Amino acid sequence: MAGNKPISQVAIIGTGVIGASWAALFLAKGLDVVATDIAPNAEASLRRFVDAAWPALDRLGLTAGASPMRLGFTTDLEEAVKSADLIQENGPERIDFKKKLYAELDALLPSDVIIASSSSGLTMSEIQSGAPFHPERCVIAHPFNPPHLIPLVEIVGGAKTSEETIRRASEFYTALGKRTVRLHKEVPGHVANRLQAALAREVYHLVGEGVVSVADVDTALSWGPGLRWGIMGQVLLNHLGGGQGGMEHFLQQFTGPMTAWWKVLGSPELTPELQQKLIEGVHAEVGSRSIDDLAAERDEVLLGLLELRSKADEETAQSKSGRVA
């Protein structure tokens, strides 16, 4: 595999919510994009999504040459990938589908074209078993929804993925402004979704046990630790929580209470009754707001946070540069 081939054209396979969001991001970064999807009205839906996302992407900063006009669409897989430097695959989470698709892609593509999957649940070792010729160029590049706004990308290799592919993929997404994390072992759900699942388990337990309402547990999260998580991760916050003694003092002081809480964390069963309680609770919390209203509310605040974090990162970089000088 040629390790220094520039990536200027991306093929998007599957243009649902994730694929469309990826397409918008790639276009905003000045890349050429060819998308393919056999679903009815897929092209019209994709173009509507890109048009709707463009003002937010413009606000965050477009790369020179960025344009929605650089988006192509075809229902023919071979046509879509023939000039691609990287494939962003967003197909259904079915291993039979993925293996068949990767067999086709493996036969169609030169060996230096990376095949990156957005899969959140399947492992790359399973998926790349369908690629008999060059499984080493297959990698998980799992985004967080919506990919055109949320910077996180989880990079996970399979048993046959090469270190070169990991490197090239990480460099590509980082150059787009993404924040990549590499998983050194394959685990179901990767990292971020597992963290969400762990939190959801306790949330649903507390609601199910009548400890707190749906609205109040959401308030507790979004106006408490959620605000801090938008700035720093759990371990770094623990380091701060230890005061001047840092992480060392935090562990000395809180290991006992924290591990005691672990022992009584819930393992709820999502019975029909609990599901109904969650459904009724969230509709009471939402009121008259539509899904589109909620998404717009989320994205507006998210854009502000991204802008603030970008400014803070610039100031930190300048401060470091000044100290070095």
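**Observations regarding the pattern of salt bridges**
Argument step 1. Scanning all chains against the criterion turns up 15 salt bridges.
Argument step 2. The partner of Lys-82 in a salt bridge is Glu-79, with the nearest N and O atoms 3.2 Å apart.
Argument step 3. Using a relative accessible area of 58% as the deciding quantity, one classes Lys-82 as exposed.
Argument step 4. Classification of Glu-79 as partly exposed rests on a relative accessible area of 39%.
Argument step 5. Note that Arg-298 and Asp-299 form a salt bridge whose closest N and O atoms lie 2.8 Å from each other.
Argument step 6. Put simply, Arg-59, Glu-300 and Glu-307 are held in one network by salt bridges that share partners.

**Considering the packing of aromatic side chains**
Geometrically, a pair of aromatic rings is defined through the distance of the ring centres and the angle of the planes.
Argument step 1. Scanning the entire structure with this criterion turns up five aromatic pairs.
Argument step 2. Where Phe-26 meets Phe-172, the ring centres are 5.9 Å apart and the plane angle is 40°; that geometry is what we call tilted. Of this pair, Phe-26 sits in helix α1 (residues 17–28) while Phe-172 sits in helix α6 (residues 163–175), placing them 146 residues apart in sequence. Comparing Phe-26 with Phe-172, the two get one shared label, buried.

**Considering the packing of helix α7 (residues 192–208) against helix α8 (residues 214–222)**
Argument step 1. Packing of α7 against α8 brings their axes to within 9 Å, and their N-to-C directions diverge by 140°. Between α7 and α8, the interaxial angle falls into the category oblique. Crossing angle aside, the handedness with which α7 passes α8 is right-handed. Between α7, through Leu-199, Val-203 and Val-207, and α8, the contact on the second element is made entirely by Val-214, Val-217 and Leu-221.
Argument step 2. For the contact of α7 with α8, a count of residues per class yields six nonpolar, no polar and no charged.

**Focus on the pairing of strand β5 (residues 114–117)**
On any regular strand, side chains alternate: one points to one face of the sheet, the next to the other face.
Argument step 1. On β5, burial covers both faces: Ile-114 and Ala-116 on one face and Ile-115 and Ser-117 on the other are all buried.
Argument step 2. Alignment of β5 against strand β6 (residues 138–143), held across three bridges, turns out to be parallel. Counterpart to Ile-115 in the pairing with β6 is Cys-138.

What counts, and where the lines are drawn
- Residues numbered from 1 in each chain as written.
- Predicted model: local features only at pLDDT ≥ 70, side-chain atom pairs only at ≥ 80, totals over all residues.
- Heavy atoms only, no water.
- Salt bridge = Lys/Arg side-chain N within 4 Å of Asp/Glu carboxyl O.
- Buried < 20%, exposed > 50% of the residue type's maximum accessible area, 1.4 Å probe, protein only.
- Phe/Tyr/Trp six-rings, centres within 6.5 Å; stacked < 30°, edge-to-face > 60°.
- Helix = DSSP H or I, 4+ residues; strand = E, 2+ residues; numbered from the N terminus.
- Axes fitted to C-alpha atoms, helices over the stretch in contact; angles between N-to-C directions.
- Parallel < 35°, antiparallel > 145°, perpendicular 65-115°, else oblique.
- Left-handed = near helix turned anticlockwise from the far one by under 90°.
- Contact = heavy atoms within 4.5 Å.
- Nonpolar A, V, L, I, M, F, W, Y, C, P; charged D, E, K, R; others polar.
- Pairing = 2+ DSSP bridges.

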